Amino acid sequence: MDDPHEFDDDVPVYDNVLELVNAVLPITKSTNSIQEAEDVILHLEETDERFHKYAHVKYIRRRLATGMTSLIEDELEKRRHNTSDDIVPTRDHEILINAVSEKVTRTPQFQALFSSLMAETKVAVNHIIQEQQFEDSPRNQDIHINMETVGNKHSYIIYSDMDSTNSTCNQSPFPFLNYKQFTEVVHQLDVSQSIATRRSAMNKLCQLPATESVSGNNWSLIKQGLMDALADPDQILEERCLKYFARVLSSAPFHFSKDVYLALVEHISLCFSRRNSNKRIADGLSCNDVIVRYMLQRFRLLNEYQTDISNFWIRYNDRYMDEVIESTVNLFCKNSFPRLSDEEYITPLHFLCLIDPTAIWYKQWMHPHYSRISVFKAVGNHRYFLENAVRHLLDYQLTRVRSDDLLSQLTQSLLGQHMQEESSHNGLFYTEADIEFLHIIHSINIIGKFLLYKRGREFFPIKLRERQSPVTIAETVTALITMVTEPCFSRGSKSLTTMESTAMYNYDPAVLVSHAINEISNRKDSCQACLCNQKAIDVLIKPVKIWVDVDEWEDIEGQWSLPAESTMLYIADILSHIVATSHGRRLILYGSNCTGNTDDNNIGSVSTIVKFVARGLTNDLQNLNVNLSKVVIGAYVYVLRQLYATNDGMLSLKNFNLHENIVEAWIVANREASLADTPTPAGKGTMKNLIFMWEETLIDNLLNLGATPKGINLLHVSGATNECIAYMCTRYAKKLQVSKCEKFGYGLMVTQVSSTPPGVSALNQSGYMKLLIRELWEVLEYPSDGGQSIYPALYPIDPLTRASKKLLVKLVNVAAGFPSLIQLLEPIKLGSVYSLRDVPGDLTELISRLVILDTPNKFSLLNVEQSHTFGLRLINIICCSLDNLLILNTKFNIRDRLLDLQRDNMVHGKCIYDMETLERNHVIVRMSLIGGNLERCLPSRCLVNTLSTKAKPYKHTLFTSPTLPAEYVRKLSVKSSLRQGSELSKLLASTKSNDISQGWLEKCQQLLMTLLSTKPELVKSNVVGELIDKVTKIEDYSSGLEAITIPTVNANSKMGLSEVETAGIKMIVRYGLQLKLLANERDSQTALTQLMVQTKMGLMEQQEETPQSALKFLAGSYYGVDWLLATVFLLMSGNRDRCIRILQQFSACLTSAYIWPARMFKSKYLPESLRNYGVEPMVTNLGHFVELVVEAEIPLVAQSFRLSGLTASKISQHWLRQCFWNYLNWPEVVNFIALVITSGPDYIVYFCVAVMRHLQDSILLHTQHRELTIFLLEEPITLFHVGKCLPFIKTLQARYSQMILKELAKLDES
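Calculation notes
- Residues numbered from 1 in each chain as written.
- Predicted model: local features only at pLDDT ≥ 70, side-chain atom pairs only at ≥ 80, totals over all residues.
- Heavy atoms only, no water.
- Helix = DSSP H or I, 4+ residues; strand = E, 2+ residues; numbered from the N terminus.
- Contact = heavy atoms within 4.5 Å.
- Areas by Shrake-Rupley, 256 points an atom, 1.4 Å probe, with all protein chains shown as cover.
- Axes fitted to C-alpha atoms, helices over the stretch in contact; angles between N-to-C directions.
- Parallel < 35°, antiparallel > 145°, perpendicular 65-115°, else oblique.
- Nonpolar A, V, L, I, M, F, W, Y, C, P; charged D, E, K, R; others polar.
- Core = buried A, V, L, I, M, F, W, Y, C linked by side-chain atoms within 4.5 Å.
- Buried < 20%, exposed > 50% of the residue type's maximum accessible area, 1.4 Å probe, protein only.
- Phe/Tyr/Trp six-rings, centres within 6.5 Å; stacked < 30°, edge-to-face > 60°.
- Lys NZ or Arg CZ within 6 Å of the ring centre and 35° of its normal.
- Arc of directions from axis to C-beta.
- Patch = residues over 30% accessible without salt bridge, like charges linked within 9 Å, V, L, I, M, F, W, Y side chains within 5 Å.
- Salt bridge = Lys/Arg side-chain N within 4 Å of Asp/Glu carboxyl O.
- Lys, Arg positive; Asp, Glu negative; His and termini not counted.
- Charge placed at Lys NZ, Arg CZ, Asp CG, Glu CD.

### Considerations on the overall build of the chain
Item 1. Scanning the chain for helices and strands turns up 62 helices and 4 strands.
Item 2. When contacts within the chain are restricted to residue pairs at least 6 apart in sequence, long-range pairs at least 24 apart make up 77% of them.
Item 3. Taken as a whole, the chain presents about 58,300 Å² of accessible surface, with 51% of it coming from carbon and sulfur.

What follows is the structure in structure tokens.
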């Protein structure tokens, strides 16, 4: 065993160790450091299931069994004699084993055995190392430059020649070196030494741990020797030095490897200063050239370190990061300055482009803020880094030397395939065009990041030596866009999906530019700075204009001059990202001014896109023998869909009648799909699958018409409402995303659609309500998480769990509206018997089983308390609409049934205070009283938290009898008199009929607003009644409405009044008596009844019958209570004659169309598209502008609505339908009526927006709690005073009145 190269035949240690090394090698290669590799080896027994099958392990166990068995038995025997019991307790086994093991390992026999095993293993390891060093000579190495070295990130080439087993025992020749030994190695590396000596020293360094040679002062000693070795012409020495650099850069800590990286950068810089300075780009680069091959190796090490370092330098100080970035940027400016001659030479940046064409290193450096600042600082010191990229971009854009096949050839070469073989080049060869192409790809990525950030844009304009004028941001962006739009950059007729499946897609300049522009458009500041200029947009839209004007071309058969489909798809992708943001949408809609004013003549580039889509959908292009695939047309329809799915976009696009073109195309596609076979997954890409996909695309785009109030009516007119809603429900059931640029689900669209009777009917027919009710029933009655649990389910502490509250909000968003409830209610099935597993089929059955517990079989619930509480909360929210309250109470008598349940919950005359009792009490009080927060007191749903036994657990009196407890009615002192005079009341008193004019009206407006701002308490009901009596006498010629004629009827006649209206009359009179506006209950009821009958008859004279339909809302006369009439009745203190006169005059005003729902019900002044579908102007026009103004003025509220799946139009419609009753106190209701009647219908929009602005903090808070819908429907609007909001209202009036009034006057347009 003295000779390390000789082995005992009986002990094949070499073969055993080699087997173990080969088995462990794949595991150690995946580690990132020597320390990690050692840790893996030390725990190999725990991680490798074949550990005990290795021959070397068996050999060691056999040696231990032979030499140590007798020692272990003797030790056990000694301890057994020292123990009184023969049996050792089980808990002491581990202690005994540890003690025996420690005793045996200290014996001389074990030490001798250990030394023998270590010596044998050491000899085998040294022999393996020597053989590996011989095999790693450079003559046996071959460098392959393929896709693994170009454009991708890879692990370092790590050569580990040291034995980790002996490193801790210091038995290797050079595991650790003292200062004297290290100095000797440094001396041997000196350039004056022989090549053999320097090679030997390099071998010794490669065996050291990675940190040994760079820690402390060692690096300063060895740096020069390594630099000389890298620059030495001897290939073996140079390659071993490169291995050393690779090993240190891969495994040493980054604060050590930084010095090595800086040395590598310095070496490369010196190389370009010496031997490569005269290499021209025109000569190309051959990878057979040894110099080029080794230079590529250097840049590969450089690039891999660049991509890795960004993950770790946040752990170190800024100086460390600044040094790395500064040196890198400085290197890439090396030899980049323009020379006197026209010839260009190879620079370090050209070599890096071969390794990393898409600049992954640069993207990673620009991603975090802290490193991005350092990059901008370094570029500020070396501006030529950016100037060079911009210069190459402009030159490339001007020369346009790319051919259609060159990109494909280059991509194949990057994949390691053949590129160009000549007699003088038998390997991979990069021509001048290839190098420039990779350089421009790299430059595009660099420029895109500079344009994305504000600090990067500050470098513009850039002065170039060969240009007289500086290069601006607009010129740079235009040059980028040109690379997408110009025909010379197109890739034939390949579609985007086809190109995505090929490798060339990643290196196509058009793709890279598209990604860069998309990133820029996603940020508001960068989009405004880079894209808000008409020139850039014109360049982007230019190919679309060519297709639009294709029939004007003389050479129509020359399709080579038309932009390719791939180009059109790139442009559509860019446009879709631009219009996905508010600033980008305004840019496309209104042009570079981005004002958002629809009155501007410049409507942006959207008209060109609409014309292109219209021609594509109507097959106009095919008639000209020009083929354009459905994929391209669908991409541009999607762009327009993102526009018309917004309120401002719909205003701009509604006059183009785009929906008609989409409907016609859908009808054709639907007919073709009905004739085709059923599509199959295996047939993807076939004609029949493409037909179904095209039909689905069109129906999806039609569905998004329902995203805005104006678009809802267009969806109904299209005739595809049921198909669209069914499609949406299918996607909703599968939890699919709306679109690639849509961040939220279908909740907002469901709410928007449910605001109209046809939309609710379609939702119900599609099964959406059944799906919601089934999901709710699973949560309430038999919740399941899909798995078995050994723990019992936790009883919920809150009345509503998070899952049930989410479904409650979804149900309320659909069913809380008055027209919605009418469409959803069905007759109760009498005598029905329910089992535990029966799921309700509709909303009526759900209410019956959860709330109207009038039969024993309805109590057959698994969770009666939870389910009943949920039903009470649902009814409570639905009844926030006064019409809904009256409908449910008249149809199902819910209030009396709840009182019966309260009485059933009493024991010995006392109520049981539980969750259901408190909830029922709250619902009964809400159904019994109306008024604002100062006019009624809604009871709490919680018990009093007190420790006193005498204190009541509930601070309110429980409602157990038909008589209303007095404590729920707040005492008011309302005086309707003119004792406190005001300028307005004096003006009204002195005004005669002949004095009423437009100038008088303006004076009244000023006095009213002054009074609201200074002394709102003087705006009494009688003053407002007198005001509107005179104001409504002014003829409103802009409305186009004729005044109704209210006939005279018998005093005792109740003809034409429904149960709902009769119950509403009692509620209104009771409210008037509470406010002390009415004197006698019986007389007031009689007067109000006659007024309702007369007005109803007068309104019916201007109504037209609608075609027979399944819409219950249109069956018969107006189903709800006329709350505007009720408001006027109370304002006039029950004077029926004055009410008739005011209502007749007011019916001719435009304002009546938007706050008097009964006035416009089936009115002949509405177009058929609204009248036949029961859609009111309050929804389509008024609601549209409420949403538009909310988005522009209070964006946080708009986003809260969007997050909650609620729309501002629906909540405003809910408020306006009942004239803010139950939400505002009576004085503020009076102020609202006075303001909107005297100022115009646009003030309705401003008032609603002002209310939402007042509630902004509460809206944001309840959005976080996921109960915004519940809050806005249940809670009154507290502390709101219109006088305090008048400055904001006047601001809105000055900004939007022209646009809003123009649209509100168009009652005859759909």
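What follows continues from the structure just given.
### Details of unusual backbone geometry
Item 1. In this chain, F460 is followed by P461 through a cis amide linkage whose omega measures 0°.
Item 2. Tracing the sequence through the fold places P461 in the loop between α20 (454–457) and α21 (473–485).
Item 3. One non-glycine residue, S1133, lies in the positive phi region at around 55°.
Item 4. Assignment of secondary structure puts S1133 in the loop between α51 (1123–1131) and α52 (1136–1146).
Item 5. In this structure, L1279 is a non-glycine residue whose phi angle is positive, near 60°.
Item 6. Assignment of secondary structure puts L1279 in the loop between α61 (1268–1274) and α62 (1282–1304).

### Comments concerning the packing of helix α14 (residues 348–355) against helix α19 (residues 432–452)
Item 1. Axis separation between α14 and α19 bottoms out at 9 Å; the angle between their running directions is 85°. When the axis of α14 is compared with that of α19, the two are roughly perpendicular. Packed against α14, whose contacting residues are L349, H350, L352, C353 and L354, the element α19 presents I435, L438, H439 and H442 at the interface.
Item 2. Split into classes, the residues belonging to the contact of α14 with α19 amount to 6 nonpolar, 3 polar and no charged.

### Topic: the nonpolar core
Item 1. With 375 residues, the main nonpolar core has Y636, F1220 and W1221 as its most contacted residues.
Item 2. Top element by residues in this core is α19. It accounts for 11 residues.
Item 3. In this structure, V13, M68, L117 and I129 belong to the second largest nonpolar core, which totals 14 residues.

### Some remarks on the packing of aromatic side chains
Aromatic rings in a pair are described by how distant their centres are and how their planes are angled relative to each other.
Item 1. Throughout the structure, instances matching the rule amount to 32 aromatic pairs.
Item 2. Plain terms: the ring middles of F1220 and F1232 are 5.0 Å apart, the flat faces sit at 70° to each other, and that makes the pair edge-to-face. Of this pair, F1220 sits in the loop between α57 (1208–1217) and α58 (1226–1239) while F1232 sits in helix α58, and the two are 12 residues apart along the sequence.
Item 3. Among the aromatic side chains, those forming a connected cluster through ring pairs are W313, F332, W361, Y362, W365, F376, F385, F450 and F459.
Item 4. Between R1253 and the ring centre of F1288, over which it is positioned, the NZ or CZ distance is 4.3 Å.

### A word on helix α7 (residues 179–188)
Item 1. Among all positions in α7, only F182, V185, V186 and Q188 are buried. The arc that holds the buried residues of α7, viewed along the axis, is 165°, so those residues lie on one side. Relative to its buried face, α7 has exposed residues pointing more than 90 degrees away, namely Y179, K180 and H187.
Item 2. Considering only its buried residues, α7 is in contact with α8 (195–207) and α9 (218–231).

### Concerning the side chain of K258
Item 1. With respect to the secondary-structure elements, K258 resides in helix α11 (residues 254–274).
Item 2. Of the residues examined, K258 reaches a relative accessible area of 14% and is grouped as buried.
Item 3. Leave out the neighbours within four places in its chain, and K258 touches Y305, Y320, E323 and V324.

### Considerations on helix α46 (residues 983–990)
Item 1. All of the buried residues along α46 are L984, S985, L987 and L988. Angular distribution of buried residues about the axis of α46 spans 160°; they occupy a single face of the element. Summarising the geometry of α46, the exposed residues directed more than 90 degrees from the buried face are E983, K986 and A989.
Item 2. In this structure, the buried residues of α46 make contact with α47 (998–1014) and α48 (1021–1031).

### Some remarks on a positive patch on the surface
Item 1. A cluster of basic side chains, namely K735, R802, K806 and R1266, defines a positive patch on the protein surface.
Item 2. Here K735 is to be found in the loop between α35 (721–733) and α36 (747–753).

### A short note on the pattern of salt bridges
Item 1. The final tally for this structure, using the stated rule, is 37 salt bridges.
Item 2. In this structure, R895 engages D896 in a salt bridge whose closest nitrogen and oxygen atoms are separated by 4.0 Å.
Item 3. A relative accessible area of 16% means that R895 is categorised as buried.
Item 4. Residue class for D896 comes out partly exposed when judged on its relative accessible area of 32%.
Item 5. Several salt bridges converge on common partners, so that one network encompasses E1026, D1029, K1030, R1138 and R1141.

### A closer look at the environment of S582
Item 1. Within the secondary structure layout, S582 lies in helix α27 (residues 582–590).
Item 2. Residue S582 is classed as partly exposed on the basis of its relative accessible area of 33%.
Item 3. With 609 residues separating them along the chain, S582 and E1191 place their C-alpha atoms 9.7 Å apart.

### Comments concerning the side chain of S605
Item 1. Relative to the helices and strands, S605 is located in the loop between α27 and α28 (606–617).
Item 2. Contacts of S605, omitting those with residues within four sequence positions, involve Q534, I537, I541 and I588.

### Focus: the environment of Y1243
Item 1. If you trace the backbone, Y1243 turns up in helix α59 (residues 1242–1254).
Item 2. Sequence separation of Y1243 and T1151 is 92 residues, and the distance between their C-alpha atoms is 9.4 Å.

In short, shape yes, function no, at least from these values alone.
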